[in-house]
Every structure is written in structure tokens, then in C-alpha cells.
Amino acid sequence: IASSAGHNAYRWFILGNISSAIINTLQLPIIVAPLLGGKFGWREATEAMREATAMYFKGGKDNNTSVISPFTKRNLSDFSFAGHKSKLSEEQKRLFANAIQRGAIRRSTGQDLMEIREFGTLDPADKFGYKKMQVEMSFGWAFQNAERFNREVTLLAAYNLARKKMNEAEATEYALNLVEFAHGAAMSELGPQAFQTGILKVVGVFKRFALNQMYLQYKMFRQAFKGADADVRKEARRQLLGIYATSFAFAGVKGVPVYGLVNVLASMIAGIFGDDDEPFDLDEVVLSTFGNGVFRGPIGAATNLNLGTRVGFADLLWRPDEKRLADIGLLNYAMEQALGPAVGVVGNIIKGGTQIYEGDAMRGLETLSPSAFKSFMRAWRLATEGAVNSKGFKIIDDPNAFDVMMSAIGFSPNDLNDAYARVSIMKKLERNVQERRNGLLDTLWAAREAGDYSGVREVQKEIDEYNNSPRGREYKIDSDTQKRSYDMRKAKQREAENLYGASINPRLRKA
């Protein structure tokens with residue numbers, strides 16, 4: 001059951017999703033370049049990664065599978081710097097052999113989830129099973145090669161840089177360790193044992209990378225301030241500064257390490273010491289003060305591609321959604337976040353089915369479709385309808401041809417996500433103000449019903465403070481509001497006495 005759940009999550013979110021493969025390769029500039037640059041210098045690291053990339057694409061294909069794509073009629077082996085066209089030195093061949101033996105390359109998360117080892121035992125007579133394997137490997141080929149590309153470029157660049165200062169054995173060990181440190185274990189068998197079987201295997205789908213990145217941040221901060229000696233601390237600080245710079249370039253301030261923690265702490269402090277009548281939201285402050293280029297990153301702003309939510313270090317394990325949290329409650333939301341993509345598949349199917357039942361067939365079909373098909377449907381909708389919400393109201397100006405094309409391969413326009421972010425912030429602030437207003441009226445009612453006149457005076461002072469706040473001046477609790485609220489609550493109280501404590505619409509009460 002666990003294997004099927006993980007496999008289906010991989011099918012749903014990764015197969016055929018070109019944007020996921022592209023996003024995956026951004027680990028090289030965001031993580032690997034700073035790690036190498038902090039140790040060997042940025043110019044040297046950049047040149048080594050350029051040379052390793054060139055060797056990778058000149059190497060040709062590996063011989064890691066004999067499966068033929070039913071679409072292209074070509075072998076589905078991966079590209080590799082040690083492929084059939086490569087001209088490696090004996091030392092580089094030994095490096096490649098060591099990397100395979102240690103599980104650093106060739107195997108990938110995609111293969112691990114697809115359980116290709118089990119496909120190898122298929123009955124030759126099972127033509128349907130074999131065709132299914134061919135189709136799935138074809139759709140997963142881009143993501144598989146993105147992972148292979150990341151690991152091999154990292155391995156070769158790290159080795160070539162280290163070899164200038166170390167002997168062959170030391171350089172090999174450094175390169176292999178860096179591959180695992182930057183990208184995590186390629187095989188689940190080499191990762192945390194708890195996530196290898198049972199329900200935790202489902203929970204761990206796509207989260208091994210998140211856990212690895214959290215560990216990377218922890219180790220960088222620890223070495224930067226508590227390193228064994230001054231050189232170690234200095235190197236770690238350079239690496240950490242580099243990761244901040246590259247992650248900001250792609251993901252903006254929202255995606256840099258520790259921003260999520262700062263956001264949570266800021267909300268907690270604002271809740272304890274802040275002004276109840278002037279809610280604080282760090283995202284709102286950053287977005288309104290500095291704009292989208294800082295909030296989501298200059299590269300995302302320049303290309304109008306939403307990269308920040310997919311490559312940033314924020315929200316690795318907990319992705320806040322105020323509306324969803326309010327709808328289903330903290331416990332259910334926490335379980336949904338913990339169980340991850342496997343549960344998300346079921347949730348999308350239920351939500352899509354509900355939309356179809358309610359008459360919105362196209363959006364329902366889009367919601368319950370796997371990511372690759374969803375992207376094409378979203379792009380078609382953007383091209384034919386423009387950027388509109390479920391009610392048909394315009395969100396932003398019509399997207400251009402580039403936005404539509406990138407949407408078709410799985411990217412989302414940055415200005416559309418910016419609009420969603422602004423709406424989310426506004427609705428959150430609206431809820432905060434409404435809850436504050438309703439809370440004051442509730443307290444005033446309770447004090448009056450209890451005959452607590454000193455309590456009534458205290459609440460009235462709070463109401464005056466609320467009315468003098470910037471948002472309270474626009475949405476006052478005046479004497480007429482208090483009277484209407486009191487009369488309405490009295491009427492509902494009388495009604496509820498004869499309806500088992502319930503409140504029913506007067507026009508429907510008789511029916």
C-alpha cells in the first residue's frame with residue numbers, strides 16, 4: 001500500500017511535468033555553486049561547473065536501461081559524463097565507478113518511487129505491464145535526467161576542484177560527500193531508515209529533499225558560528241552568504257533560509273505585543289514596501305515565472321494556507337501537511353469531482369487531473385479565457401504568449417501568483433478585523449447579559465480604541481451597530497429556545 005501510494009504521487013505530480021525537471025536543475029546555481037564557491041572561490045567554482053556541464057552533455061548516453069520509448073523509439077538510458085561518447089581518463093573512470101558503488105549517481109528518487117527494480121521481474125508475456133513501464137519511464141525521463149545532471153555535474157566539478165589540493169582518494173571522498181550533502185541520498189536505502197517502509201514511506205514522498213535542505217541549513221549555521229577552527233567558520237560563512245544571495249536571486253526574500261521562522265516569530269510577537277486593531281503580516285509589509293522583485297526574487301520578476309514558491313527554503317515542511325486552515329481546522333490541516341502528496345492526490349480528486357457535480361466541468365477536470373495534463377488545461381484556459389477566477393472575474397491583464405507557453409509546461413505566471421498573494425493577504429487582514437469586531441460585540445453582549453456594568457464600561461473603552469484605529473474608522477462599531485447586534489442576538493436567543501438551540505432562516509423556519 002505504501003509503495004503504491006508513493007508511486008501514484010510520483011505519477012500524479014512528476015510524470016510529464018517539464019517544469020519540475022527544470023526547477024530541479026536550479027539546485028546547481030542555488031546550492032552547489034555557493035558550497036563550492038565558499039571553499040574554492042567563486043570564479044574557480046563557476047569555471048569547474050561550466051566544464052563539468054560541458055563534459056556531461058558531450059558524454060552521450062549511459063547503458064543503465066534497455067527500455068525503448070514507445071513514442072520516440074529510442075533507448076531511455078540517461079545522459080552521463082561517462083556515456084558511450086565520453087573520453088574519460090583512468091582517474092575519471094575510477095571516480096565514476098566509485099560513485100556508482102556508493103549509490104551517489106545513476107539511481108534517483110524517480111526510479112526509487114517507480115520501483116523499476118520490480119519492473120525488471122515482469123513476466124515477458126505481460127505485454128500490458130511492459131507497455132505501462134515504457135510509458136511511465138518515457139514521461140519520467142526528463143525528471144530522471146535532471147537528477148542525474150545535478151549529481152554528475154556536482155560530482156565532477158567538486159572532484160576537479162578538490163584534486164588541485166588533495167590526492168585522488170581524498171578528492172573522491174570529498175566529491176561523493178558533497179553530492180549527498182547538496183542533493184541528499186539518491187536511494188531511499190541510503191536515507192533515513194524510518195522513511196523506507198510503511199506509512200512513513202508515504203509521508204516521506206518528496207520530503208527527503210526538504211529534510212536534507214533543513215539539515216544543510218542547520219549544518220551551515222552551526223559551522224559558521226561554532227566551527228572547529230577559524231578557517232572552517234570562515235568557509236561556512238562564505239557558503240551561507242552565497243546560498244542567501246543565490247536563493248534571493250531566484251526566490252526573493254520569501255525564499256531565503258530562516259525567513260519562514262522569522263515570519264512565524266514576527267506573527268507570534270505581533271499577537272502578544274502588537275495592536276489588535278492593526279493586524280501585522282510580514283508578507284504584506286515586504287510586498288507592499290519593496291514590491292514583487294524583492295518579495296519573489298529579481299529573476300522571477302524579470303521572467304514573470306513563479307520560481308519563489310518552488311525553489312525557496314521557506315515552507316519546506318509546512319506551507320501556510322490561512323483559508324484552508326480556517327476551513328478544516330488545525331488538526332486536519334496538520335495531518336494533511338504531514339501526509340503530503342499522497343493525500344493531496346485524494347483531496348484533488350474529491351475537490352475536482354465536487355466542482356464537476358456543481359456544474360463547473362472544465363475546472364473540475366483540471367483540478368482532478370495529474371500535473372502534466374493540468375498544466376495544458378490551465379494554459380488553454382489562460383489562452384482562451386484570460387486570467388479569471390472561478391466566478392469569471394478578471395484577476396490580471398490577459399497573459400502573453402510566453403506566459404501561456406510556460407504555463408503549458410507547468411510554470412505559473414508570477415504576476416498571477418502576486419495577485420493571489422495580495423488577495424490572500426487582504427482576506428487574512430479582513431478576517432482579523434472582522435474577528436476583532438465580532439469579538440468586541442460578543443464580549444459586550446455577554447457583559448450586558450451578566451449585568452456586569454463595569455465590564456460593559458471596559459468593553460466600551462476597547463470599542464472606542466477600535467473605532468479610532470485606521471481600519472476601525474472605516475468599519476465602526478457605533479451605537480446603532482451595538483443596538484442592532486443586541487436586538488439580533490436577543491431575537492436568536494428567543495428563537496433558539498423553541499428550536500433546540502438552533503437558529504433557522506425565518507423564511508424557511510415553517511418549511
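The following refers to the structure shown.

Parameters and conventions
- Residues numbered from 1 in each chain as written.
- Predicted model: local features only at pLDDT ≥ 70, side-chain atom pairs only at ≥ 80, totals over all residues.
- Heavy atoms only, no water.
- Buried < 20%, exposed > 50% of the residue type's maximum accessible area, 1.4 Å probe, protein only.
- Helix = DSSP H or I, 4+ residues; strand = E, 2+ residues; numbered from the N terminus.
- Contact = heavy atoms within 4.5 Å.
- Polar contact = N/O pair within 3.5 Å; in protein donor to acceptor, adjacent residues only side chain to side chain.
- Axes fitted to C-alpha atoms, helices over the stretch in contact; angles between N-to-C directions.
- Parallel < 35°, antiparallel > 145°, perpendicular 65-115°, else oblique.
- Left-handed = near helix turned anticlockwise from the far one by under 90°.
- Nonpolar A, V, L, I, M, F, W, Y, C, P; charged D, E, K, R; others polar.
- 1 Å grid on protein atoms, 1.4 Å probe; cavity = no way out; pocket = protein on both sides within 12 Å on 5 of 7 lines; lining within 4 Å.
- Points joined across faces, edges and corners; volume = space filled by probe spheres on them.

### Focus: helix α23 (residues 401–408)
Then comes step 1: Among the residues of α23, those classed as buried are Asp403, Val404, Met406, Ser407 and Ala408.
Then comes step 2: Buried residues in α23 make contact with α22 (371–385).
Then comes step 3: Sitting at the head of α23, Asn400 places a side-chain oxygen 3.1 Å from the backbone nitrogen of Phe402.
Then comes step 4: Trailing α23 by a residue or two, Gly410 shows a phi angle of about 115°, which is positive.

### Points about the packing of helix α14 (residues 282–290) against helix α24 (residues 414–450)
Packed helix pairs are specified by the crossing angle of their axes together with the interaxial distance, meaning the distance between the axes.
Then comes step 1: With their axes 10 Å apart at the nearest point, α14 and α24 run at an angle of 130° to one another. As far as their axial angle goes, α24 and α14 are oblique. Of the two elements, α14 crosses α24, and the hand of that crossing is left-handed. Seen from α14, the contacting residues are Asp283, Glu284 and Leu287; seen from α24, they are Asp418, Arg422, Ile425 and Leu429.
Then comes step 2: Grouping the constituent residues of the contact of α14 with α24 by class yields three nonpolar, no polar and four charged.

### Regarding the environment of Val294
Then comes step 1: Examined against the element boundaries, Val294 turns out to sit in helix α15 (residues 292–295).
Then comes step 2: Overall, Val294 belongs to the partly exposed group, its relative accessible area being 25%.
Then comes step 3: Residues Val294 and Ala251, 43 residues apart in the sequence, show an inter-C-alpha distance of 8.7 Å.
Then comes step 4: Apart from the residues within four sequence positions on either side, Val294 is in contact with Phe248, Gly252 and Val253.

### Structural notes on the environment of Val345
Then comes step 1: By the secondary structure assignment, Val345 is in helix α20 (residues 341–357).
Then comes step 2: For Val345, a relative accessible area of 9% gives the class buried.
Then comes step 3: For the pair Val345 and Phe13, spaced 332 residues apart in sequence, the C-alpha to C-alpha distance is 8.7 Å.
Then comes step 4: Dropping the residues within four chain positions of it, Val345 is found in contact with Ala9, Trp12 and Phe13.

### With respect to empty space enclosed by the protein
To locate leftover empty space, one rolls a probe as large as a water molecule over the atoms.
Then comes step 1: Summed over the entire model, instances satisfying the criterion amount to two cavities of 30 Å³ or more.
Then comes step 2: Approximately 40 Å³ is the volume attributed to the second largest cavity.
Then comes step 3: In terms of lining residues, the second largest cavity is bounded by Leu441, Leu444, Trp445, Arg448, Gln482, Ser485, Tyr486 and Arg489.
Then comes step 4: Among the secondary structure elements, those contributing two or more residues to the lining of the second largest cavity are α24 and α26 (479–497).
Then comes step 5: Among the residues making up the lining of the second largest cavity, the classes are represented as four nonpolar, two polar and two charged.

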